[in-house]
Amino acid sequence: MSSLSILCSAAVTAGIVSGVIALIVGVGFGILLYKLLATKKIGKSKTNAVKIIEEAYAEAKTIKKEAILEAKEESQKIKDEATEEAKNRRNEIQKSEERLEQREEYITKKEMALDTKQEQIDNEKNKIDAERQKIAVAIEEQAKIKENMLTELEKISGLSKNDAKNILIENITEDAKKDAGILVKKIEDEARENAEKFAQEIVAGAIQKCATDLSSEMTVTTVPLPNDEMKGRIIGREGRNIRSIESVTGVELIIDDTPEAITISSFDPIRREIARLSLEKLIVDGRIHPTRVEEVVDKATMEVEKTIKQAGENACEEVGIFNLHPELVKVLGRLKYRTSYGQNVLRHSIETAILAGLIASELGANATIAKRGGLLHDIGKALDHEIEGTHVSIGVDLAKKYKENEEVIHCIEAHHMNVPFHSIEAIIVQVADAISSSRPGARRESFENYIKRLQQLEEISNSFKGVEKSYAIQAGREVRIIVKPEEINDNDAMFLAKDIAKRIENEMQYPGQIKVNVIREYRASDIAK
């Protein structure tokens, strides 16, 4: 190594050592200076701290005094409130104690009263038990006495207990029946006295306002001829004309020895009317052959249908009913060609409707329902030759089919009293029907049926016990029954009349009403010598 290098290395080392020493000296000087400054600052801080502590101590003493004063005041306030509350609580407790004492006193009195009541009840119960025992003993004694008496009575009377009971029941029943008969007669007399005059006025007024013909109609079954030669033309060659007429119209023509007349026979009144009208047209026209017959029958059928519809509309208009179903109007019009006991059913229905409306107005009932029920009550007769069943059931089915009012349906159903009446309007329709059909000249029946009805009336009346004789009078509108006075008393006569009337209703068919009169007469006679 060269000396220059060594010198450079020594110089560098010396420089580094010098720097380090200078650094150390600087650091030591800095530390010394810091300590001096810090010592000075600490002294000043101590002075400030002491001052602050003194001020804080003074302030704390002040706060402490204030806090102590406030605490004392608050404590006094709490103490006063606690004292007041304790006082109030003591007062409430004292009042509660007083109430409890009063309640205890009341309960004590109540218990004493209950004890007294229970004692009285026990005493009464003991008395009742004693009385019951006495009553039981008395009942036993009475039963023994009764049994002994019954035994003695059975020995004396010769009747057993059951026999005597039956006799007593019969006597009581007889007395009750007698009293019931007297009461019924009294009620009926009073009702008849007050109601008969009123009913007569209503019915008479209704009949006076209902202006209808008194003469009954007969079904037209005879066609007049201009001469007897027309019979041969109607029969035709080998009977072809008459066969054609019968085939097309569905009727039977009876050509006999009756001069200048032909009889039409058919159960269907509409067909009979079509045949009658067709024959009249053919007779007037003079051309009678099968083809012409068919043409004339078709025209006659159309005319009859128009007539039927017009008749139904006229009937509704005459009665004052304008909302009837069109099909019911057509069926109603068919009654124009239907008769019952010689009475035209359509005129009878109109008359019944008018009477029912007038009577309903007088009684304050529903006049519209009554008129409607009266007009439709016999509508089933228009179809009873086509549909199986009674005219009542057919009419009810028709009314239900075309949505008729339930009350009107009931009027139709009950007008022959086949079902119980549910409304005053149904009763009015039944009464109006009876008035219309039973007035003089309204109906007539065959002589054979008339005689049979009279005989049946007398047979039914004679079948009852105690009846001596019976007579059907007033063309079968009344039956008078003479009873044996020794078998039927006055009260029994009343019940007998009701029983006979009920049986006549159940077993007979008749127009209108039948009056049942039971006559009891007792005659005593002797001979002066």
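Keep in mind the model is a prediction, meaning the values are calculated, not measured.

(A) Main features of the environment of isoleucine 283. For isoleucine 283, the location among the structural elements is in helix α5 (residues 269-285). Residue classification places isoleucine 283 among the buried residues on the basis of a relative accessible area of 13%. Other than its neighbours up to four places away in sequence, isoleucine 283 contacts Val223, Pro224, Leu225, Pro226, Met230 and Ile234.

(B) The pairing of strand β7 (residues 478-483), seen in detail. With 6 bridges connecting them, strand β6 (residues 467-473) and β7 associate as antiparallel partners. By the bridge assignment for β7, lysine 469 is matched with isoleucine 482. Alignment of β7 against strand β8 (residues 515-520), held across 6 bridges, turns out to be parallel. Across the sheet, isoleucine 481 pairs through a bridge with valine 518, a residue of β8.

(C) Representation of the sheet that holds strand β2 (residues 252-254) within the structure. Spatial strand order, β1-β3-β2: 3 strands in an open sheet with antiparallel pairing. Each edge of the sheet is formed by a strand with only one pairing partner; in this case those strands are β1 (222-224) and β2. Neighbour-to-neighbour, the strand axes of this sheet turn through a mean angle of 30°, independent of strand direction. Looking at chain direction, β2 and strand β3 (residues 261-265) are connected through 3 bridges and run antiparallel. Across the sheet, the residue bridging to glutamate 252 is serine 265, located in β3. In the packing of α5 onto the sheet, contacts are made with β1, β2 and β3, and the angle to β1 comes to roughly 10°.

(D) Up close: the packing of helix α6 (residues 290-319) against helix α8 (residues 345-363). The contact between α6 and α8 brings their axes to 10 Å, and the two run at 20°. Considering the angle they form, α6 stands roughly parallel to α8. Regarding α6 and α8, the two cross each other, and that crossing is right-handed. Across from Ala311, Ala315, Glu318 and Val319 in α6, the residues of α8 making contact are Leu346, Arg347, Ile350, Ala353 and Ile354. Of the residues belonging to the contact of α6 with α8, the class tally is 7 nonpolar, no polar and 2 charged.

(E) Structural context of the side chain of arginine 292. If you trace the backbone, arginine 292 turns up in helix α6. Leave out the neighbours within four places in its chain, and arginine 292 touches Leu282, Asp285 and Arg287.

(F) Examining the sheet that holds β8 more closely. Taken together, 3 strands build an open sheet; the order of strands is β6-β7-β8 and the sheet is mixed. Only two strands of the sheet have a single neighbouring strand rather than two, namely β6 and β8. Between one strand and the next, the sheet's axes are offset by a mean angle of 20°, whatever the strand orientation. Taken strand by strand, helix α14 (residues 490-507) contacts β6, β7 and β8, and its axis lies near 150° from that of β8.

(G) Structural detail: a nonpolar patch on the surface. The grouping of Phe29, Leu32, Leu33, Leu36 and Leu37 at the surface amounts to a nonpolar patch, some 540 Å² of accessible area in total. Along the chain, leucine 36 turns up in helix α1 (residues 3-157).

(H) Broad picture of unusual backbone geometry. Although it is not a glycine, glutamate 260 sits at a positive phi angle of roughly 55°. The residue lysine 403 is not glycine, and still its phi comes out positive at about 60°. When you line up the elements, lysine 403 lands in the loop between α10 (391-401) and α11 (406-414).

Cut-offs and rules
Residues numbered from 1 in each chain as written. Predicted model: local features only at pLDDT ≥ 70, side-chain atom pairs only at ≥ 80, totals over all residues. Heavy atoms only, no water. Helix = DSSP H or I, 4+ residues; strand = E, 2+ residues; numbered from the N terminus. Buried < 20%, exposed > 50% of the residue type's maximum accessible area, 1.4 Å probe, protein only. Contact = heavy atoms within 4.5 Å. Pairing = 2+ DSSP bridges. Axes fitted to C-alpha atoms, helices over the stretch in contact; angles between N-to-C directions. Parallel < 35°, antiparallel > 145°, perpendicular 65-115°, else oblique. Left-handed = near helix turned anticlockwise from the far one by under 90°. Nonpolar A, V, L, I, M, F, W, Y, C, P; charged D, E, K, R; others polar. Patch = residues over 30% accessible without salt bridge, like charges linked within 9 Å, V, L, I, M, F, W, Y side chains within 5 Å. Areas by Shrake-Rupley, 256 points an atom, 1.4 Å probe, with all protein chains shown as cover. Salt bridge = Lys/Arg side-chain N within 4 Å of Asp/Glu carboxyl O.

Spatial relationships are all this shows, so hold off on functional conclusions.
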